[in-house]
Amino acid sequence: MGSNMAECHPVAFRWPMKAKLNGAKLIHVDPRFTRTSAVADLHVPIRAGSDIAFLGGLINYVVNSRRWNTDPFFREFVVNYTNAATIINKDFKDTEELEGVFSGLGTFSEPPGWPYNGFQGRYDTASWQYERDPKPPGPKTEDLIARRAGPPFDDLVRSLKPGPAHRDPTLQNPRCVFQILKRHFSRYTPEMVEQICGSPKDKFIQVAETLLANSGRDRTSAFAYAVAWTQHTYGVQMISCCALLQLLLGNVGRPGAGVMALRGHAAIQGSTDVPTLYHSIHGYMNAPSALRPHESLRAYMAAETTPTSYYGNTPKFLVSYLKSMYGAAATVDNDFGYDWHPKILGDHSHIATFAAMAEGKVKGMCCVGQNPATSLNGGATRLALRQLDWLVVKDNWLTETATYWYQAPEVKDGRVHSGDIKTEVFFFPSTQIAEYDGSFTNTQRMLQWHSKAVDAPGDCRTDTWFYHNLAKRMKKAYAGSTAPRDQGWNNLLWDFDPDPGVKPIYPGEPDALKVLREINGYMTADPHQHLPGFAALKDDGSTTCASWIYCGCYPAPDQNMSARREPDPPGVPGAHLKWGWAWPANRRVMYNRASADLRGNPWSERKRWVWWDATFVNPPDPKTGVAPPRGKWVGYDVPDFAATKAPDAKPKPDGIALDALSGTDAFIMRGDGRGWLFVPTGLLDGPLPTHYEPHESPVQNMLYPKHQMSPVHKVWSAGKPWNPLASVGDPKYPHVITTYRLTEMYLAGAMSRWLPWLAELQPELFIEMGKALAAEKGIRNLDWVIVSSPRGHIRAKALVTDRIGVMHIAGKPIHHVGMPWHWGWAGLSTGDVVNDLTAWVGDPNVSIHEGKAFVCNVEKA
């Protein structure tokens, strides 16, 4: 679901095909019948944007099915490995009680410093929390912050421990998660799914029965999704809904299970791990923010540390990160340079930044590896670019973003004159991936090293060269400053030049292995003593580590684990642990303690993965000389658990981090050690997934007529002329449109439209439309058509087909069309910009746009 894997991830798709040859069932739920559908055992059509209704229907079907209620496996897994039995605060009210919203909904006021957050509302999550015993006695957090306690910061972390949560293992308490969940999804029946999604009832039931038959002790099922699940105003909740379903089926933490995000690029995963994201620093720690209680180092730790999970080690991760930033200048006395670290002011995501740019609030931009002139609401984006004083574009070719000032459609048709654009544009020619040393991290979190194969032509330079030399110039520029705000630059540790006598791959190029060393970490006193893993991190400044989740990928100067290429022997069940290196700790299946039962035995021999070996003799501790008791977690993978914690181990009364969890608390990154069916904290739009319509929809919300769309989703530049939006059921835009990718083209086209072979394979833009719509409009195959939305109109060739068409939604026929979005005016294969049709609306959690479900009109040109 949410992916056309065969065409958009064709290399990875060989594994589902191999599974199919071994007898696996392959199901594709998608608005279009694609090459993925063609090899699936079952294709189920679905209206774009209605996936939560479909998944919610599966949840309702599963928990009311005979198989789920009679097979003891499901009850054992759900009661012990999820929060199904946990009792929720008595003040919580569900959408079923409040006609479409959860308790705690309020308004949102834009802060004056950065009024571009876009929230349409805001939830207070206090009523979503667990019902608990009183907090244990001990020092108060605020007192420890005030007297600057630590390091070590264990007392601060211990002061954050809440009282034990109340539970009902019988799952009968009306306020336990399981009963709340059952009531929440009770109206998501097969009939309702058919009405909302347009998915035939019989096919929906076939999906549900197939999942039930292929889940249990001896079988597992997996979901794979891509951006057709993320690019919505409730995209995070779509994925959360799938995770909820998989937890109910026992399909998390086990081989052949889980929810896999199909990343669209070799290093998209890596660019969120070692982040190019505004809201996080390395390892998914939140960026210090002026809008959160992050006033000091200890205040940040108190706000961001979950004391009874592995995140109880956050002070170690944070201090080691600050040592990587500021080196010897980061000391205990100055809180390891925390005050030098920049703070965000709110939402600085792509659209929020362009909304500010459109109002002249952004002076300059470095655009590297993206092509925003063909991106989200392209007309508004190009308007924003015209407000810049300067723009740096670093890319392989002169992209649309480098040429918008003289080749954009509004310039060509005379609406905008080049002479009126004040922006000074600089172009830096960039290398391709095979022209330098480095790494990428793929879909399964695997870090793989690649080596330079050929020299780059002309004056092309790598991204590492660009940022390395820019940083050196910035440090030089700030060197004489005594202003407090500039001390972060003055104290920044920047040591990536090759050692004397080592020739760089290009003049001025940094040493890629030194960058990897900084990411992995080392002992502060000796940079040549690399850290073996994140268990070695300290909160006293003795360890330096940029990215705690990558710690262990480069454990010694001669051990670049990401460069390994040794597969497991044929016929040996395993995780290929010597091929590359996967974070965290090189484990390939996260939360794999759940692959064993409460006693530590595999759920079945067929699904054996990680288990407890009670006979294992542990070596003595090198510091104390005392050996732990017998027993260790072993298996085909690196166990995602404390290695010597027995299945019957109890939490330590004053324990923090892993010491606060028992031997059956499999989900060690959660504060209660359990997978979350109900999400009490972390999501801004609700503790349970709920069906809402896209911001632009041709139909009313059938489940919650009073709340058409998510009450807290984001709209940027609301009311501005450059971001007009359609009302519900607007007759001027009656059709649902979704955008997608092609095998032969890549993203915005900068890496594909300049290649003659690919340009020949996909020479021009088209719109895929059903025969019924074509007949209604008098359009024949290959006719030119005009596609319009409230933001603009574009021209494309008609591809009239049976692969997409009319759906019956709420008793009303709705035409569905689809368009690839790879084109622009530059390169060998050119076409109109499909994203000129899209809007600046998005998800409240991650600010991603809603590009997979909006409305349009189609007319013959």
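Structure shown above.
Within any chain, residue numbers begin from 1 and follow the written order of that chain's sequence. In keeping with the predicted nature of the model, local features appear solely for residues at pLDDT of at least 70, side-chain atom pairs appear and are counted solely at 80 or more, and the whole-chain, interface and lining totals rest on all residues. Side-chain measures were taken over the full set of non-hydrogen atoms in the model, leaving aside hydrogen atoms and water.

Trainee: Where do I start with the sheet that holds strand E14 (residues 522-523) in this structure?
Mentor: What holds strands together in a sheet is hydrogen bonding between their backbones, with the strands either parallel or antiparallel. Here we have three strands laid out as an open sheet, ordered E15-E14-E16, and antiparallel in their pairing. The open sheet has two edge strands with one neighbour each: strand E15 (526-530) and strand E16 (543-544). A pair of strands is labelled paired if DSSP reports no fewer than 2 bridges between them. Helix and strand assignments follow DSSP, with helices taken as H or I runs no shorter than four residues and strands as E runs no shorter than two, numbered in order from the N terminus. Across two bridges, the pairing between E14 and E15 is antiparallel. Looking at E15, one finds that Met 523 is bridged to Asp 526. The criterion used for residue contact is that any of the two residues' heavy atoms lie within 4.5 Å. Here an axis means a line fitted to C-alpha atoms, over the contact stretch when the element is a helix, while the angle between two N-to-C directions is reported on a 0 to 180 degree scale. Sitting on the sheet, helix H24 (residues 512-520) is in contact with E14, E15 and E16, with an inclination near 75 degrees to E15.

Trainee: What is the right way to read the packing of helix H11 (residues 190-197) against helix H12 (residues 201-213) from this model?
Mentor: A packed helix pair is summarised by two numbers, namely the angle formed by the two axes and the spacing between the axes. Where H11 contacts H12, the axes come no closer than 9 Å and their chain directions differ by 120 degrees. Judged on the interaxial angle alone, H12 and H11 are oblique. The hand of the H11/H12 crossing is right-handed. Residues Pro 190, Glu 191, Val 193 and Glu 194 of H11 pack against Lys 201, Phe 204 and Ile 205 of H12. Classification used: nonpolar for Ala, Val, Leu, Ile, Met, Phe, Trp, Tyr, Cys and Pro, charged for Asp, Glu, Lys and Arg, polar for all others including Gly. Of the residues contributing to the contact of H11 with H12, the split by class is four nonpolar, no polar and three charged. Any angle that falls under 35 degrees is termed roughly parallel, while one over 145 is termed roughly antiparallel, one within 65 to 115 roughly perpendicular, and all others oblique. By definition, turning the near helix anticlockwise from the far helix through less than a right angle yields a left-handed crossing, and turning it clockwise yields a right-handed one.

Trainee: Where do I start with unusual backbone geometry in this structure?
Mentor: Trans is the common state for peptide bonds, and a negative phi is the common state for residues other than glycine. Geometrically, the link from Gly 150 to Pro 151 is a cis peptide bond, its omega value of 0 degrees lying close to zero. Put simply, Pro 151 and Pro 152 share a cis peptide bond, and its omega is -5 degrees. By secondary structure assignment, the location of Pro 152 is in the loop between helix H8 (141-146) and helix H9 (154-159). Backbone geometry places His 576, a non-glycine residue, at a positive phi of 55 degrees.

Trainee: Even after reading the chapter, I still don't get the state of the cysteines, so can you show me in this structure?
Mentor: A disulfide bridge is the covalent bond that connects two cysteines by way of their sulfur atoms. By definition, disulfides here are pairs of cysteine sulfur atoms that lie within 2.5 Å. Across all of its chains, the model carries zero disulfides by this definition. With no disulfide of its own, Cys 197 lies 11 Å from the sulfur of Cys 241, the closest cysteine sulfur. The exposure class of Cys 197 is buried, given its relative accessible area of 0%. Sulfur of Cys 545: no disulfide; nearest cysteine sulfur belongs to Cys 551 and is 4.3 Å away. On the basis of relative accessible area, Cys 545 is assigned to the buried category, the value being 1%. Working definition: with a 1.4 Å probe on protein chains only, accessible area under 20% of the residue-type maximum means buried, over 50% means exposed, and in between means partly exposed.

Trainee: I tried to follow the environment of Thr 305 on my own but got confused; where do I start?
Mentor: Mapped onto the fold, Thr 305 is located in the loop between helix H16 (297-304) and helix H17 (314-326). Residues Thr 305 and Thr 464 lie 159 residues apart in sequence; the distance between their C-alpha atoms is 32 Å. Once residues lying within four places of it in the same chain are set aside, the contact partners of Thr 305 are Val 157, Leu 160, Tyr 311, Gly 312, Thr 314 and Pro 315. We call two N or O atoms a polar contact when they sit within 3.5 Å, provided that within protein one can donate a hydrogen and the other can accept it, with sequence-adjacent residues counted only if both atoms are side-chain atoms. Within the structure, the side chain of Thr 305 is placed 2.6 Å from the backbone oxygen of Met 301, a separation counted as a polar contact.

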